[in-house]
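What follows is the residue order along each chain.
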Amino acid sequence: MSLDQLKEQVADLDQNEQRELIAFMVSLQTARDSGFKQNLARKIDDRDPEHWVDLDDLRKRFSE
């Protein structure tokens, strides 16, 4: 199957199936990227409140 054929099939998927495919592809990409994993782990382990984001600020940022 060519990439163009694959794109056509993806375009025919409903929105939920496309989201599931996107999540799958991102998980594949991040599984292969050790730098991403290390960076994410560092951010999760960060205990410095200066680096934290308020939940209300996040809601405002992503609701726009």
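Residues numbered from 1 in each chain as written. Predicted model: local features only at pLDDT ≥ 70, side-chain atom pairs only at ≥ 80, totals over all residues. Heavy atoms only, no water.

Colleague: What exactly am I supposed to notice about the overall build of the protein chain here?
Modeller: When its secondary structure is counted, the protein chain shows 4 helices and 0 strands. Seen in sequence order, the protein chain has helices and strands lined up from the N terminus as α-α-α-α. Against the 2.2 N^0.38 benchmark of 11 Å for 64 residues, the protein chain shows a C-alpha radius of gyration of 17 Å, more extended than a compact globule. In terms of overall dimensions, the protein chain has C-alpha extents of about 50 × 30 × 15 Å along its principal axes. (Helix = DSSP H or I, 4+ residues; strand = E, 2+ residues; numbered from the N terminus. Rg over C-alpha atoms; globule rule 2.2 N^0.38 Å.)

Colleague: Which parts of the structure should I look at to understand helix α2 (residues 15-31)?
Modeller: Each α-helix turn comprises 3.6 residues. Residues three or four places apart therefore point the same way. Over its 17 residues, α2 runs 24 Å from end to end, which matches the ideal 24 Å to within 8%, given 1.5 Å per residue. The N-cap of α2, judged by a side-chain oxygen 3.0 Å from the amide nitrogen of N16 a few residues on, is D14. (Expected span 1.5 Å × (residues − 1). Polar contact = N/O pair within 3.5 Å; in protein donor to acceptor, adjacent residues only side chain to side chain.)

Colleague: Is there a simple way to think about helix α4 (residues 55-63) in this case?
Modeller: With 0 of its 9 residues buried, α4 lies for the most part at the surface. At the N-terminal end of α4, a side-chain oxygen is found 3.0 Å from the backbone nitrogen of D56, two or three residues along, and the residue is D54. (Buried < 20%, exposed > 50% of the residue type's maximum accessible area, 1.4 Å probe, protein only.)

Colleague: Explain the pattern of salt bridges here, please?
Modeller: It is possible for side chains bearing opposite charge to pair when their charged atoms get close. Counted according to the given criterion, the structure contains 1 salt bridge. D56 serves as the salt-bridge partner of R59, at 3.7 Å between the closest nitrogen and oxygen. Residue R59 and its partner D56 are both found in helix α4; the two are separated by 3 residues, about one turn of the helix. In this structure R59 comes out as exposed when scored by relative accessible area, which is 53%. (Salt bridge = Lys/Arg side-chain N within 4 Å of Asp/Glu carboxyl O.)

Colleague: What is the right way to look at the environment of K37 in this model?
Modeller: Summarising the element assignment, K37 is placed in helix α3 (residues 34-45). Apart from residues no more than four positions distant in its own chain, K37 is found in contact with T30 and A31. (Contact = heavy atoms within 4.5 Å.)

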